[in-house]
Amino acid sequence: AAVSHVSEQTVVPAVTAAIQDNLSTTLVQHVSGALSQGFNAVQQSALAHVNKTMSSSQVTSGLSSAVAGAVQQPVLKAVTSAFSATLLPAVESAVKEMLVQTSAAMSQGTAQHLQGLSAALKPHVTAALADLPQRIADASNEQHAALTRQIHALHTEITAVSCASTGVAETVRQELSDLKRDMSDSGSGFSSARGSPTRPVEQEAAPAQTTSEKVMELAKANKYQDAFMLALKSQNLDILMQLCRTIEPSYLFGIQPPPIDPTVVLSLVQQLANKLEVLTDIKMAYLQEAIMAIDPQHERLREFIPPILHKVDEKLKALMALHDGSISTASRNSMRMLSTFIVRILPQQATS
């Protein structure tokens, strides 16, 4: 009984433990080796089968189509869902934040730029505003002076045209008077019966002398415009020729700007052409300078220039036709040159 009891308590557990350890180790190793060999064999068989199957184009095409068909809708749905749920809100939020930042930066930059620009322009604007009353006053003065000059020029032209018209009338009156005197002298007894026509020479002598002195004073003061206007207005050829003798024509018409208005020059040409056979040399010297100074395209005189120059040309040709020795060779050459010049500019004026 004791041996049996000891055997149950000691021998049996020791033997059981030894058997379990040995069996477990041996069995595990055997089963693990068998399973590893079986798995390797299955894996190699599966790989060979898969490689054989995948090498077929029909299987590959069918598999690709099946995978594509099976994956397309889920992938598209997943991408759409991700785009709508994640990407789009993120992009929208980022863009909105960027616009807010850009707007704030632009507002700040614009404000700073305007502030700097205002600070830079303020002194200039203040200075301009300070000078504005003076500029307005200067502009008003300039306009007033310009208007005064225009009024004076208009008055000068009116006076010169009036002088020219009066000169024509005086010329006609003088020619009629000479014609009557010639007719009176040619009639027998008629001249003695009526007597020679009397003229108020003594009454005009004092005014003519006074006018002559005033003309000379104006010329001495270099007021050539006023001097020639007064001489032309007097309708006294002696006063005009005295003034012409005083002033050298080349000097007078060489001054810049011209000291004589174009209307006065045209009136001077018209009066100097009367009785060209008297004091021919000095008249020709003035006519040459004056006619060359005339602008045929003058805005207000171009309609008056051709008839006056045409009349001068007629008188030049008539005087050149005389062969009585009263005209010097120099004057005759001057007449020929001046007539050629007039003929050359007259067609230009007529066709303009």
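Residues numbered from 1 in each chain as written. Predicted model: local features only at pLDDT ≥ 70, side-chain atom pairs only at ≥ 80, totals over all residues. Heavy atoms only, no water.

1. Observations concerning a nonpolar patch on the surface
(1) Moving on: A cluster of nonpolar side chains, contributed by Phe83, Leu87, Leu88, Val91, Val95, Met98 and Leu99, occupies part of the molecular surface with about 620 Å² of accessible area.
(2) Moving on: Checked against the element boundaries, Val91 lands in helix α2 (residues 57-186).
(3) Moving on: Among the residues examined, Val91 registers a relative accessible area of 42% and is labelled partly exposed. (Patch = residues over 30% accessible without salt bridge, like charges linked within 9 Å, V, L, I, M, F, W, Y side chains within 5 Å. Areas by Shrake-Rupley, 256 points an atom, 1.4 Å probe, with all protein chains shown as cover. Salt bridge = Lys/Arg side-chain N within 4 Å of Asp/Glu carboxyl O. Helix = DSSP H or I, 4+ residues; strand = E, 2+ residues; numbered from the N terminus. Buried < 20%, exposed > 50% of the residue type's maximum accessible area, 1.4 Å probe, protein only.)

2. Comments concerning the packing of aromatic side chains
(1) Moving on: Under the counting rule described, the total for this entry stands at two aromatic pairs.
(2) Moving on: Arranged with centres 6.3 Å apart and planes meeting at 50°, the rings of Phe228 and Tyr286 form a pair that is tilted. Separated by 58 residues along the polypeptide, Phe228 in helix α5 (residues 224-234) and Tyr286 in helix α9 (residues 280-293) bring together distant segments of the chain. Each member of the pair Phe228 and Tyr286 is classed as buried.
(3) Moving on: Arranged with centres 6.3 Å apart and planes meeting at 75°, the rings of Phe253 and Tyr286 form a pair that is edge-to-face. (Phe/Tyr/Trp six-rings, centres within 6.5 Å; stacked < 30°, edge-to-face > 60°.)

3. As for the packing of helix α6 (residues 237-246) against helix α8 (residues 262-272)
(1) Moving on: In contact at an axis separation of 12 Å, α6 and α8 are set at 115° when each is read in the N-to-C sense. Compared by their axis directions, α6 and α8 come out roughly perpendicular. Classified by chirality, the crossing of α8 by α6 is left-handed. Every residue of α8 that contacts α6 at Leu240, Met241 and Cys244 is listed here: Leu268, Gln271 and Leu272.
(2) Moving on: Broken down by class, the residue content of the contact of α6 with α8 amounts to five nonpolar, one polar and no charged. (Axes fitted to C-alpha atoms, helices over the stretch in contact; angles between N-to-C directions. Parallel < 35°, antiparallel > 145°, perpendicular 65-115°, else oblique. Left-handed = near helix turned anticlockwise from the far one by under 90°. Contact = heavy atoms within 4.5 Å. Nonpolar A, V, L, I, M, F, W, Y, C, P; charged D, E, K, R; others polar.)

Note that all results are geometric; they support no functional claim without further evidence.
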